[in-house]
Amino acid sequence: MGVFNEERFFRVIDAILKGDQLQAIAVREHISKKTIHDYVARLNKPGDDYYNPQKYQMIKQFRQNQRDKKLLKTAVQFLAQPNSSLKELSDKLNEENPDILEAFSSSTVQRYLTDERLRDLIGQEVFESIQSQLQMNKHSGQVKGGFTSFVKNHHKKDEHNNKFTGAIPQPDYKRVLQKLEDVFELQELRSQYPEQTFEEIARIFNSKHSERQITKDYAYDCIMKSPQYVDIFKDTRRL
């Protein structure tokens, strides 16, 4: 903690009670945030010359209130833009709160939205709806990420064993249209042959397209993820 300075100690404690952010206090006083935490801890240490449990509880409650406000701001922003990515949410929160030195990062936003304290603040039903939407967004992001990779990369195969060996960056938007056609055709085959396995559906598809062959995994992807793919196809210009 370095050399203790009583005047600085009282300045720090008073600044916290006035609502100053720890980062701002640390910069102004040329100390670390750990030192600030050490100062506050002395207020709750029996026998210490600066023992003051009442002031300690005031600081504890005040900081909890500050954190609650951040939790609620994050939740309100998410509920206003439920389909936004964590990065988009953090950017929006930082834009609307320019005075906050400890900026909202994507990881902070995620941590706040899943914090059990938030459940107490907004209620069980709203909290669970947020968790459900987060899972949907995560899944949608994974699908879009995989599809973007599909569009922007040409996948190489080994000439000898026919296995994938990597991907070469090679944007080809004709493949987007091809994928869309496959999605609709495989969906139609699925409705015609609901009892068939994905491997069998792939075999039926291949019998109609001698010029190209698909795998059961490709059939599964087109059939099971088709709603997400169709949504992405509507905005292919952004890829």
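Quantities reported herein were computed from a predicted structural model and do not represent experimental measurements.

What counts, and where the lines are drawn
- Residues numbered from 1 in each chain as written.
- Predicted model: local features only at pLDDT ≥ 70, side-chain atom pairs only at ≥ 80, totals over all residues.
- Heavy atoms only, no water.
- Axes fitted to C-alpha atoms, helices over the stretch in contact; angles between N-to-C directions.
- Helix = DSSP H or I, 4+ residues; strand = E, 2+ residues; numbered from the N terminus.
- Parallel < 35°, antiparallel > 145°, perpendicular 65-115°, else oblique.
- Contact = heavy atoms within 4.5 Å.
- Nonpolar A, V, L, I, M, F, W, Y, C, P; charged D, E, K, R; others polar.
- Salt bridge = Lys/Arg side-chain N within 4 Å of Asp/Glu carboxyl O.
- Buried < 20%, exposed > 50% of the residue type's maximum accessible area, 1.4 Å probe, protein only.
- Polar contact = N/O pair within 3.5 Å; in protein donor to acceptor, adjacent residues only side chain to side chain.
- Core = buried A, V, L, I, M, F, W, Y, C linked by side-chain atoms within 4.5 Å.
- Phe/Tyr/Trp six-rings, centres within 6.5 Å; stacked < 30°, edge-to-face > 60°.
- pLDDT = per-residue confidence, 0-100.

**Quick notes on the packing of helix α1 (residues 6–18) against helix α3 (residues 33–42)**
To characterise two packed helices, one gives the angle between the axes of the helices and the distance between these axes.
Okay, step 1: Between α1 and α3, whose axes approach to 10 Å, the crossing angle comes to 90°. Classed by the angle they form, the pair α1 and α3 counts as roughly perpendicular. When α1 is examined against α3, the residues Arg8, Phe9, Val12, Ile13 and Ile16 are found in contact with a partner set consisting of Ile36, Tyr39 and Val40.
Okay, step 2: Classifying every residue of the contact of α1 with α3 gives seven nonpolar, no polar and one charged.

**Observations regarding the pattern of salt bridges**
Should the charged atoms of two oppositely charged side chains come close, the side chains can pair.
Okay, step 1: Using the criterion set out here, one finds 11 salt bridges in the structure.
Okay, step 2: For arginine 117, the salt bridge identified is with aspartate 68, shortest N-O distance 2.7 Å. Taken together, the residues arginine 117 in helix α7 (residues 116–122) and aspartate 68 in helix α4 (residues 53–80) connect sequence positions 49 residues apart.
Okay, step 3: The closest approach of N and O atoms between aspartate 91 and lysine 87, which form a salt bridge, is 2.8 Å. Separated by four residues within a single helix, aspartate 91 and lysine 87 lie in helix α5 (residues 86–96), roughly one turn from each other.
Okay, step 4: Overall, the relative accessible area of 38% leaves aspartate 91 in the partly exposed class.
Okay, step 5: For lysine 87, a relative accessible area of 48% corresponds to the partly exposed category.

**Some thoughts on the environment of arginine 119**
Okay, step 1: Its place among the elements puts arginine 119 in helix α7.
Okay, step 2: When near neighbours in sequence (up to four residues on either side) are disregarded, arginine 119 contacts Gln124 and Phe127.
Okay, step 3: One polar contact links arginine 119 to glutamine 124, side chain to side chain, over a distance of 2.6 Å.

**Some points on the nonpolar core**
Okay, step 1: Residues Val12, Ile13, Ile16, Ile25 and Ile36 are the most contacted members of the largest nonpolar core, which totals 16 residues.
Okay, step 2: Taken together, the elements giving at least two residues each to this core come down to α1, α2 (22–29), α3 and α4.
Okay, step 3: Among the elements that line this core, the one with the most residues is α1, at five residues.
Okay, step 4: If sequence neighbours within four positions are ignored, isoleucine 25 has contacts with Val12, Ala15, Ile16, Asp20 and Ile36.
Okay, step 5: In this structure, Phe104, Val109, Leu118 and Phe127 belong to the second largest nonpolar core, which totals 13 residues.

**Regarding the packing of aromatic side chains**
Okay, step 1: One pass over the full model with this rule turns up nine aromatic pairs.
Okay, step 2: Between phenylalanine 9 and phenylalanine 10, the ring centres sit 5.3 Å apart and the planes meet at 75°, which makes this aromatic pair edge-to-face.
Okay, step 3: Owing to a relative accessible area of 38%, phenylalanine 10 belongs among the partly exposed residues under this scheme.
Okay, step 4: Measuring from centroid to centroid gives 5.3 Å for phenylalanine 9 and tyrosine 39, while their planes differ by 70°, and the two rings are edge-to-face. Within this pair, whereas phenylalanine 9 is found in helix α1, its partner tyrosine 39 is found in helix α3, the two being separated by 30 residues in sequence.

**Quick look at unusual backbone geometry**
Glycine aside, the phi torsion of most residues is negative, and most peptide linkages are trans.
Okay, step 1: Non-glycine residue histidine 30 carries a positive phi angle of around 60°.
Okay, step 2: Structurally, histidine 30 is set in the loop between α2 and α3.
Okay, step 3: A relative accessible area of 71% places histidine 30 in the exposed class.

**Observations regarding the confidence of the model for the protein**
Okay, step 1: Within the protein, residue pLDDT values average 79, and 74% of them lie at 70 or more.
Okay, step 2: Low pLDDT, under 50, characterises residues 164–173; the predicted model gives this stretch 28 contacts beyond four residues in sequence or across chains.
Okay, step 3: Note that pLDDT drops below 50 for residues 232–239; the model gives that stretch 17 contacts with residues more than four away or on any other chain.

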